[in-house]
Each structure stands twice: as C-alpha cells, then as structure tokens.
Amino acid sequence: MYDQYNRKIDYLRISLTDRCNLHCHYCQPEVSEHVPHNEILRYEELLHICRAALQLGIRKFKITGGEPLLRKGCSDFIANLKQLEGAEQVTLTTNGTLLSNQLPALIAAGVDSINVSLDTLDAAYYTELTGGSLDSVLQALQELQSAGIPFKLNCVPLAENGPADIMQLLKLAHRYNAPLRFIELMPLDCNANLRGVSGNEIRSLLEQAGLQLQPDAQRYGNGPASYWRISGYAMPVGFIEPLHNKFCAVCNRVRLTSVGMLKPCLYSDAGMNLKHLLRDGASDADLLQAMQDIIYARPAGHSFDVKAARFNMSQIGG
Ligand code: SAM
C-alpha cells in the first residue's frame with residue numbers, strides 16, 4: 001500500500017525478541033530490562049499479523065531482534081512465513097554468534113538471505129564493544145559461504161575502528177564476495193558517549209588508501225543503502241546514512257516490535273499495539289483497518305538529526 005506521502009510500503013521488519021546475547025554499546029545500555037515472555041507476540045499472533053500485512057501489499061519480511069536466533073522456533077517461524085501466499089522474501093539479520101548451529105534449519109526453512117552484523121575484525125575490540133567472541137561469527141561466515149546462502153555484512157563504524165580495521169573488513173568482504181554496508185550511528189540516549197564515523201569519512205579514508213570509488217546504481221537488497229564499487233574489490237560497498245544522506249523520502253518499511261507495536265517510523269513513538277487488538281478479540285477486518293491507518297499516517301521523516309531517540313535499538317530491531 002501507499003502512505004500519505006505516496007511512498008510504497010512493501011517491507012516489514014519483525015522483531016522476534018528484545019533479548020540479545022550481545023550488548024553492543026551503540027545499541028543498548030549495559031543493563032536493560034527485558035519484557036516478560038507473555039508480553040511477546042506468540043508465533044501464531046505474528047503469522048496472523050503477517051497475513052494481514054500481505055493483504056496490504058507487504059511482500060518482504062526481515063526477521064530481527066534483539067537477537068532473533070535466541071528465540072526458540074525462529075526457523076520454524078520462517079518456514080511458516082515463507083509458506084504464506086504472497087510472501088516473496090524472508091530474510092534475517094543476526095549477530096552471527098548463534099548461526100552455526102541453526103544454519104541447516106534456516107536453510108531448510110527457506111531463508112532467502114542473511115545479514116550478519118560485524119563491526120570489527122579486531123578480536124579485543126569486538127569483545128569490548130559487544131561482550132561476545134569474534135570467532136563464532138567468523139566460523140558462521142565460512143559456513144554461510146559453504147552453504148551458498150547469500151549474505152551481507154553490516155558494520156556500524158565508530159571512532160575506535162581506525163583505518164586498518166576498516167581495510168580488514170573490506171578484505172574479508174572481498175574474500176566472500178559479500179556486500180559490506182557501513183551504517184551511520186543513529187543517536188540514542190544510550191550511545192551519547194560514542195562517536196560514529198560518517199559515510200563521507202569512510203569514503204575519504206578509502207580514497208586516502210589509494211582506492212577509487214565509483215557509484216553503483218544497482219540495488220542489493222531492500223534497504224536504503226547507496227552502493228559504490230571500489231577498485232580491486234569484488235563486492236559492492238553500501239552506505240546507510242540516516243543523518244548525512246537522509247532517505248526518508250524513499251523509506252519503504254514499517255516495523256513490528258516483539259511486544260506487538262506496529263511502528264510507522266523507526267524514530268517515532270507513534271504506532272499501535274496490535275497484540276492488544278488481537279488479544280482483545282479484534283476481527284480480521286479491525287486488524288487490517290488498524291494496520292492500514294498506521295501505515296497510511298507514516299510521518300514524513302525521522303528526527304535523529306534533531307534529538308537522540310530514547311529507545312534501545314534492540315527493542316525495535318534496527
Ligand atoms: N541482533 C541482530 C543483529 O545484530 O543484526 C538484529 C538486531 S540489531 C538491533 C539490527 C541492526 O541494528 C544491526 O545491524 C545493528 O548494528 C544495528 N544498530 C543497532 N543500534 C544501532 C545504532 N544506534 N545505529 C545504527 N545501527 C544500529
């Protein structure tokens with residue numbers, strides 16, 4: 001369907017859980033409270049909402065979290081979602097640390113592609129930033145490659161990365177021929193002490209390293225990244241720049257949080273809790289109407305550039 005600004009909305013990000021086994025400083029505070037299990041949408045409720053979303057013309061679904069692979073039954077849910085009539089694409093974003101064990105089930109479920117969040121190849125910095133271990137992620141990348149599942153790498157570059165680390169990430173992405181995307185840090189209350197590195201800064205850094213950058217008009221995925229080709233590297237490099245290259249005018253997505261809020265915009269507090277509707281016995285027509293109203297009324301854009309957001313990204317799913 002189209003929203004009030006005539007943007008086509010065909011993409012839903014679904015957060016399966018607010019819990020994560022990592023604690024990336026830019027995403028959530030060191031200690032955060034978790035939602036009780038009965039507040040989380042059950043899988044049958046999620047599928048109910050997805051069926052309504054399909055009726056509204058949403059065809060592509062991203063499974064996110066928290067860490068989606070922490071929630072039992074994630075691959076079964078993907079299999080069921082893939083079977084809904086009209087579902088064209090179901091993809092997953094994960095920190096990769098739990099991927100090795102679950103990859104066979106995800107492949108059997110028919111996952112279309114996987115984004116792996118990987119912010120650094122410096123093992124010590126990885127642990128400091130995330131609280132986890134880099135080895136499990138690197139192992140998962142090898143397995144993704146062997147399995148032939150398309151995957152992308154997502155990095156939120158911070159001042160701590162440094163040029164050598166960025167070059168290492170580039171080389172790793174080249175080795176796997178996996179698109180690498182740099183996501184500009186979105187300001188949240190919990191990350192006010194961090195300094196993000198902008199897309200411009202990364203591009204300058206690559207040029208200073210003697211690389212030539214050419215814009216690449218092709219799109220690789222459903223997101224707002226602008227892509228570049230880099231001399232000597234096989235894969236495209238994408239930049240998602242919510243602050244310095246604001247893309248709200250072409251934003252095609254809405255988000256469903258693990259507690260059931262349908263959010264018309266990542267930044268906005270607006271939305272409606274669909275779980276309450278479902279648990280209060282709303283009819284399919286009521287659910288559809290509520291979703292249609294929320295999507296239609298999407299705001300023109302976010303305000304990350306004006307004021308940091310008060311939520312943790314792990315509550316919403318990025
Ligand atoms: N745990 C999964 C993962 O790591 O991909 C899914 C959830 S995570 C919230 C989704 C994406 O949001 C990750 O790529 C993460 O790097 C990104 N993200 C989290 N906080 C962010 C922030 N403040 N600015 C930009 N991206 C952020």
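Everything here concerns the structure above.
Below is a short write-up of the structure. From a predicted model like this one, the values you see are computed outputs, not experimental measurements. (Residues numbered from 1 in each chain as written. Predicted model: local features only at pLDDT ≥ 70, side-chain atom pairs only at ≥ 80, totals over all residues. Heavy atoms only, no water.)

A short note on the overall build of the chain
Consideration 1: Each helix and strand in the chain was counted, giving nine helices and twelve strands.
Consideration 2: Whereas a compact globule of 318 residues would reach a radius of gyration of roughly 20 Å, the chain reaches 19 Å, a difference of no more than 12%.
Consideration 3: Seen through its principal axes, the chain has C-alpha atoms that stretch 60 × 40 × 40 Å.
Consideration 4: When the 318 residues of the chain are sorted by exposure, 56% land in the buried category.
Consideration 5: Element-wise, carbon and sulfur atoms account for 49% of the exposed surface of the chain, whose accessible area totals about 13800 Å². (Helix = DSSP H or I, 4+ residues; strand = E, 2+ residues; numbered from the N terminus. Rg over C-alpha atoms; globule rule 2.2 N^0.38 Å. Buried < 20%, exposed > 50% of the residue type's maximum accessible area, 1.4 Å probe, protein only. Areas by Shrake-Rupley, 256 points an atom, 1.4 Å probe, with all protein chains shown as cover.)

Notes on the pairing of strand E8 (residues 226-230)
Consideration 1: Note: strand E7 (residues 213-216) against E8, four bridges, orientation antiparallel. Paired with Asp216 across the two strands is Tyr227, which belongs to E8.
Consideration 2: Sheet topology places E8 next to strand E9 (residues 237-240); three bridges connect them, and they run antiparallel. Opposite Tyr227, over in E9, you have Gly238 as the bridge partner. (Pairing = 2+ DSSP bridges.)

A word on the sheet that holds strand E5 (residues 151-155)
Consideration 1: Strand order in the open sheet formed by twelve strands is E7-E8-E9-E6-E5-E4-E3-E2-E1-E10-E11-E12, and the pairing between neighbours is mixed. Looking at which strands have only one partner, the edges of the open sheet turn out to be E7 and strand E12 (272-273).
Consideration 2: Where strand E6 (residues 180-183) and E9 come together, four bridges link them in parallel fashion. Bridge pairing links Arg181 to Gly238 in E9.
Consideration 3: Along the sheet, helix H3 (residues 99-109) contacts strand E3 (89-94) and strand E4 (113-117); its crossing angle with E4, the most-contacted strand, is approximately 165°. (Contact = heavy atoms within 4.5 Å. Axes fitted to C-alpha atoms, helices over the stretch in contact; angles between N-to-C directions.)

Let's talk about the packing of helix H1 (residues 43-55) against helix H2 (residues 74-82)
Think of two packed helices as two axes; the pair is described by the angle between the axes and how far apart they sit.
Consideration 1: Two numbers describe how H1 lies on H2: the axes approach to 11 Å, and their chain directions differ by 30°. Between H1 and H2, the crossing angle belongs to the class labelled roughly parallel. As H1 runs across H2, the sense of the crossing is right-handed. Between H1, through Tyr43, Leu46, Leu47 and Cys50, and H2, the contact on the second element is made entirely by Cys74, Phe77, Asn80 and Leu81.
Consideration 2: When its residues are assigned to classes, the contact of H1 with H2 shows seven nonpolar, one polar and no charged. (Parallel < 35°, antiparallel > 145°, perpendicular 65-115°, else oblique. Left-handed = near helix turned anticlockwise from the far one by under 90°. Nonpolar A, V, L, I, M, F, W, Y, C, P; charged D, E, K, R; others polar.)

Observations concerning helix H7 (residues 199-208)
Consideration 1: Inspection of H7 places Gly199, Ile202, Arg203, Leu205 and Leu206 among the buried residues, and these make up the whole buried set. The buried residues of H7 occupy one face: seen down the axis, they fall within an arc of 155°.
Consideration 2: On the buried face of H7, the contacting elements are helix H6 (162-176), E6, E7, E8 and E9.
Consideration 3: Downstream of H7 by a residue or two, Gly210 has a phi angle that is positive, lying close to 90°. (Arc of directions from axis to C-beta.)

Quick look at the packing of aromatic side chains
Consideration 1: One pass over the structure, following the stated rule, counts six aromatic pairs.
Consideration 2: When the ring of Tyr220 is compared with that of Tyr227, the centres are 4.8 Å apart and the planes differ by 70°; the resulting orientation is edge-to-face.
Consideration 3: Assessed through its relative accessible area of 15%, Tyr220 is described here as buried.
Consideration 4: Taking the relative accessible area as the measure of exposure, Tyr227 reaches 4% and is therefore buried.
Consideration 5: Judged by centre distance (4.9 Å) and plane angle (75°), the ring pair of Tyr267 and Phe304 falls under edge-to-face. You can see Tyr267 sitting in the loop between strand E11 (261-263) and E12 and its partner Phe304 sitting in the segment after helix H9 (284-296), a full 37 residues away along the chain.
Consideration 6: Among the aromatic side chains, those forming a connected cluster through ring pairs are Tyr267, Phe304 and Phe311.
Consideration 7: The ring of Tyr176 carries Arg175 above its face, with NZ or CZ at 5.7 Å from the centroid.
Consideration 8: Here Arg203 stacks its cationic end above the ring of Phe239, 4.6 Å away from the centre of that ring. (Phe/Tyr/Trp six-rings, centres within 6.5 Å; stacked < 30°, edge-to-face > 60°. Lys NZ or Arg CZ within 6 Å of the ring centre and 35° of its normal.)

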